[in-house]
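# Coordinates in review
Here is what each chain is made of, one letter per residue.
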Amino acid sequence: MTVVETRVSVWEALAGRAPGTPLAPADPGLWAAVAERLNPARARPQVRPGIEEAHLVSVRGVGYVMLRSPDGTGACYLRLTPDELALTHLMDGTRTVARLVAEYARITGKLAPDRVTRVVADLAANRMLEELPVDAFRPLAKVRRFPVRVGRGLLAGVRGQRLVLARIDPLVTFLYKAGGRLLFTRVAAVLLGLVALAGLAAFVWTWALGSQPVFLTRGSYAVGALVLLGLNVLALACHELGHA
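Per chain, residues are indexed from 1 in the order of the written sequence. pLDDT decides what is reported in this predicted model: residues at 70 or higher carry local features, side-chain atom pairs at 80 or more are listed and counted, and totals for whole chains, interfaces and linings draw on all residues regardless. Side-chain figures throughout are based on the complete set of non-hydrogen atoms in the structure, without hydrogens or water.

## Re the nonpolar core
Membership of the largest hydrophobic core comes to 20 residues, with the highest contact counts inside it found for L67, L87, M91, L100, V116, L123 and M128. The secondary structure listing takes helices from DSSP runs of H or I that are at least 4 residues long and strands from runs of E that are at least 2 residues long, numbered from the N terminus. Put simply, the parts of the chain that give this core at least two residues each are β2 (63-68), β3 (77-80), α3 (82-89), α4 (97-108) and α5 (113-125). Contacts: residue pairs with any heavy atoms within 4.5 Å of one another. What V116 contacts, discounting residues up to four positions off in sequence, is L87, V97, L100, V101 and Y104. Think of a nonpolar core as a cluster: buried Ala, Val, Leu, Ile, Met, Phe, Trp, Tyr and Cys residues, connected wherever their side-chain atoms sit within 4.5 Å. Partly exposed describes any residue whose relative accessible area lies between the buried limit of under 20% and the exposed limit of over 50%, with all areas from a 1.4 Å probe on protein chains only and scaled to the type maximum.

Pasting the structure below:
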């Protein structure tokens, strides 16, 4: 006995086919559209308007660019090289990723398709392309209890993974305008250098005399370890605030 299914499947209905119609090699149906849509080489990325650019130089004298998405307090940031920025400026929706690979080879003299796709993916992930990513799992994440989310965030930070702090821009802007910008002057750099040298000299002098135990606080190694951990976190926070 042969059973014949006559109902139209959801894919056939969306594609506008009759039930059981075979797929031809050049059939312009749903799956061909999906394959075309998901083909990264044929995507035509377009950069969103209003992205801010800051051209900076690292301590090693290497130039780089920081981009900021036009999302207000929820903005995302991305660091690019000058060559990658030139590639980003070509993303106007008229060039495919395959064409951008050729353009990047023209700019740098190197054929680097993986790098081009990485730049496109980084721009998309940081909300800098017109087709913004949709986080389908965000509503589920909100269902989780707050202590669980905090614990997982701290665990990710301990493992060296990315730790995202929400709405950090207003705090950093306030600190910068409240006097933090003075720390980036030459006078502040000289004073901070002198403080660092004085602290190093005091540490060596105390270590040589043996008058003060380094790893003890109030006669306790446990309290000393906590003090050192707190100072390490403070130094790390100052370092990251400098980047911010």
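We are not done yet, so read on.
## Quick notes on the pairing of strand β1 (residues 52-57)
Pairing geometry for β1 and β2, over 6 bridges, is antiparallel. Considered in β2, the bridge of V57 is made with G63. Strands qualify as paired when DSSP identifies two bridges or more between them. Counted along the chain from β1 to the antiparallel partner β2, the turn is 5 residues long, and its residue G61 has a positive phi close to 80°.

## Some points on the packing of aromatic side chains
To describe a pair of aromatic rings, one takes the distance between the centres and the angle between the planes. Aromatic pairs are defined between Phe, Tyr and Trp rings, using the six-membered ring for Trp, whenever the two ring centres lie within 6.5 Å; interplanar angles under 30 degrees are classed as stacked, those over 60 as edge-to-face, and all others as tilted. Scanning the model with the defined rule gives 2 aromatic pairs in all. Note on Y176 and F184: the rings are 6.4 Å apart at their centroids and 50° apart in plane angle, and the pair reads as tilted. We classify Y176 as partly exposed; its relative accessible area is 45%. Looking at F184, the relative accessible area reads 56%, which means it is exposed. Note on F203 and W207: the rings are 6.0 Å apart at their centroids and 35° apart in plane angle, and the pair reads as tilted. Here F203 pairs with W207, and both are found in helix α9 (residues 186-209), just 4 residues apart, close to one helical turn.

## A word on the side chain of D169
Within the secondary structure layout, D169 lies in helix α8 (residues 169-177). Judged by relative accessible area, which is 13%, D169 ranks as buried. Each polar contact in these results corresponds to two N or O atoms within 3.5 Å; when the atoms are within protein, one needs to be able to donate a hydrogen and the other to accept it, and residues that are neighboring in sequence are counted only if both atoms are side-chain atoms. Here R68 takes part through its side chain, which lies 3.1 Å from a polar atom of the side chain of D169.

## Notes on the packing of α4 against α5
Where α4 contacts α5, the axes come no closer than 9 Å and their chain directions differ by 120°. Compared by their axis directions, α4 and α5 come out oblique. Of the two possible hands of crossing, α4 and α5 adopt the one that is right-handed. Contact with α4, carried on its side by V97, L100, V101 and Y104, involves P113, R115, V116 and T117 of α5 and no other residues of that element. Each residue is assigned to one class: nonpolar for Ala, Val, Leu, Ile, Met, Phe, Trp, Tyr, Cys and Pro, charged for Asp, Glu, Lys and Arg, and polar for all the others, Gly among them. Split into classes, the residues belonging to the contact of α4 with α5 amount to 6 nonpolar, 1 polar and 1 charged. Think of each axis as a best-fit line through the C-alpha atoms, taken over the contacting stretch in the case of a helix, with angles from 0 to 180 degrees between the N-to-C directions. Under this scheme an angle from 65 to 115 degrees is roughly perpendicular, one under 35 degrees roughly parallel, and one over 145 degrees roughly antiparallel; angles in between are oblique. Two helices cross in a left-handed way if the nearer one is turned anticlockwise from the farther one by less than a right angle. They cross in a right-handed way if the turn is clockwise.

## A short note on α3
Since the α-helix packs 3.6 residues into each turn, any two residues three or four apart lie on the same face. For α3, every residue scored as buried is listed here: E84, L85, L87 and T88. Buried residues of α3 fall within an arc of 160° about the axis and therefore sit on the same side. Directions pointing from the helix axis toward each C-beta atom define the arc.

## Regarding the pairing of β2
When β2 meets β3, the two strands line up antiparallel, connected through 4 bridges. Bridge pairing in β3 places M66 opposite R79.

## Points about the sheet that holds β3
An order of β1-β2-β3 is seen for the 3 strands of this open sheet, with the pairing classed as antiparallel. At either margin of the open sheet sits one strand with a lone partner, and together these are β1 and β3. Across the sheet, the mean angle separating the axes of adjacent strands is 25° when strand polarity is ignored. Its contacts with the sheet put α3 on β1, β2 and β3, and the angle it makes with β3 is roughly 115°.

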